[in-house]
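Remarks on the overall topology
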Amino acid sequence: MNGLADIVRDAGRAGDRIGYFAALYRQVTVEVRSAIQAGQFEDGARMDRFDTHFGNRYFEAYDAWRRDQSGPRCWREAFGLLKDDDTIIVQHLILGVNAHINLDLAVAAARTSPGQDIHALRHDFLLINDILGRVVLAVQDSVDALSPFMSLLDKVGGRTDERILDFSIRQSREEAWYSAVLLAGQSDQEREATIERLDIRAAVLARLIARPGGLVRPVLELIRHTESDDVPAVITHLDQAMEHASAG
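Conventions used here
- Residues numbered from 1 in each chain as written.
- Predicted model: local features only at pLDDT ≥ 70, side-chain atom pairs only at ≥ 80, totals over all residues.
- Heavy atoms only, no water.
- Patch = residues over 30% accessible without salt bridge, like charges linked within 9 Å, V, L, I, M, F, W, Y side chains within 5 Å.
- Areas by Shrake-Rupley, 256 points an atom, 1.4 Å probe, with all protein chains shown as cover.
- Salt bridge = Lys/Arg side-chain N within 4 Å of Asp/Glu carboxyl O.
- Buried < 20%, exposed > 50% of the residue type's maximum accessible area, 1.4 Å probe, protein only.
- Helix = DSSP H or I, 4+ residues; strand = E, 2+ residues; numbered from the N terminus.
- 1 Å grid on protein atoms, 1.4 Å probe; cavity = no way out; pocket = protein on both sides within 12 Å on 5 of 7 lines; lining within 4 Å.
- Points joined across faces, edges and corners; volume = space filled by probe spheres on them.
- Nonpolar A, V, L, I, M, F, W, Y, C, P; charged D, E, K, R; others polar.
- Contact = heavy atoms within 4.5 Å.
- pLDDT = per-residue confidence, 0-100.
- Core = buried A, V, L, I, M, F, W, Y, C linked by side-chain atoms within 4.5 Å.
- Phe/Tyr/Trp six-rings, centres within 6.5 Å; stacked < 30°, edge-to-face > 60°.

1. Some thoughts on a nonpolar patch on the surface
Nonpolar side chains collect at one region of the surface, where Ile200, Val204 and Leu208 lie side by side and expose about 250 Å² of accessible area between them. With relative accessibility at 39%, the residue Ile200 sits in the partly exposed group.

2. Brief notes about the pattern of salt bridges
Here the structure, examined in full by the defined rule, presents 19 salt bridges. A salt bridge links Arg66 to Asp16; the shortest N-O distance between them is 2.6 Å. On the criterion of sequence distance, the pair formed by Arg66 in helix H3 (residues 44-68) and Asp16 in the loop between helix H1 (2-14) and helix H2 (18-37) is long-range, its members being 50 residues apart. A relative accessible area of 42% means that Arg66 is categorised as partly exposed.

3. Things to note about empty space enclosed by the protein
This structure, assessed with the given rule, holds three cavities of 30 Å³ or more. A class-by-class count of the residues in the lining of the largest cavity yields eight nonpolar, two polar and one charged.

4. Side note on the environment of Leu103
Structurally, Leu103 can be placed in helix H5 (residues 89-112). Between the alpha carbons of Leu103 and Asp199 there is a distance of 6.0 Å; along the sequence they are 96 residues apart. Setting aside residues up to four positions removed in sequence, Leu103 forms contacts with Arg57, Pro72, Cys74, Asn98, Ile195, Leu198 and Asp199.

5. A word on the environment of Ser147
Examined against the element boundaries, Ser147 turns out to sit in the loop between helix H6 (122-146) and helix H7 (152-155). We classify Ser147 as buried; its relative accessible area is 1%. Note: C-alpha distance between Ser147 and Ile89 (58 residues apart in sequence) is 8.3 Å.

6. What about unusual backbone geometry?
For Gln69, which is not a glycine, the phi torsion comes out positive at approximately 55°. If you trace the backbone, Gln69 turns up in the loop between H3 and helix H4 (73-79).

7. Things to note about the confidence of the model for the chain
In low-pLDDT segments, the atomic positions of the prediction should not be examined closely. Of all residues in the chain, 89% have pLDDT values of 70 or greater, and the mean over the chain is 88. Across the chain, the element-wise mean pLDDT spans from 46 in strand S1 (residues 159-160) up to 98 in H4. In the model, residues 156-163 has pLDDT below 50 throughout and makes 28 contacts with residues more than four positions away in sequence or in other chains.

8. Section: the nonpolar core
If you look at soluble globular proteins, the nonpolar side chains tend to sit buried side by side. Core analysis: the biggest nonpolar cluster contains 80 residues, and Tyr58 and Leu238 have the highest contact counts within it. Take this core: its biggest share by element is 15 residues, from H5. If we skip the residues at most four places from it in the chain, Tyr58 touches Leu4, Ile7, Ile18, Phe21, Ala22, Tyr25, Trp75, Phe79, His100 and Asp104.

9. Thoughts on the packing of aromatic side chains
Taken as a whole and assessed by the stated rule, the structure comprises 13 aromatic pairs. Considering the side-chain rings of Phe21 and Tyr25, the 5.9 Å spacing of their centres and the 10° angle between planes classify their relative orientation as stacked. Placement of the pair is Phe21 and Tyr25 together in helix H2, with a separation of four residues, close to one helical turn. Each member of the pair Phe21 and Tyr25 is classed as buried. When the ring of Trp65 is compared with that of Phe79, the centres are 5.9 Å apart and the planes differ by 40°; the resulting orientation is tilted.

Listed below in structure tokens is the structure:
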């Protein structure tokens, strides 16, 4: 969690959009830690390991990108748009969510509970999903304050509670479980091939999120011209999304 706080702080100082998703994810880790401490999981120690594996996937992708712009394809798609002024705030967030759910979540779960142990993880995995969904929705509400025309995405069918830019958070979370069960039962060689397929699929989704077609594109252009371009202020606002949600 300290690592995420450092990334968020440094990104805020530098005006680096990498802090957008990091701010969202930091709140996920805070909520997971709170749930562990409150005894909400069936196995708190196991979920502590899961949280570490899940976080390490992000840190490894972040470090690889900073080092030589390498790392998983889907994360390269997300990080590669950080300096693109045409990409709106919610796209940066969903690109990170896409990579972390459609690739990292399943890998982290399988590492935490390999083999038949994966089935015992089901209840706590679903609780993690609930936390992810709750934080994403709070951040989505926070984005509305930064993007006055975000509601226009509703009008063109691009956003509902769990669907943003044709990316379904709920569906991705459900698919991650089936991917986790598959990975948990595979050999090292099979697992490597499956992770490669998941990465390719997530990268394809990332490109669709980054460059949607149809009626969504002109709406995104309008949003881009009206939303806040003060990157440090946006990071600060996103980093306080759960506080805003509680106050509301």
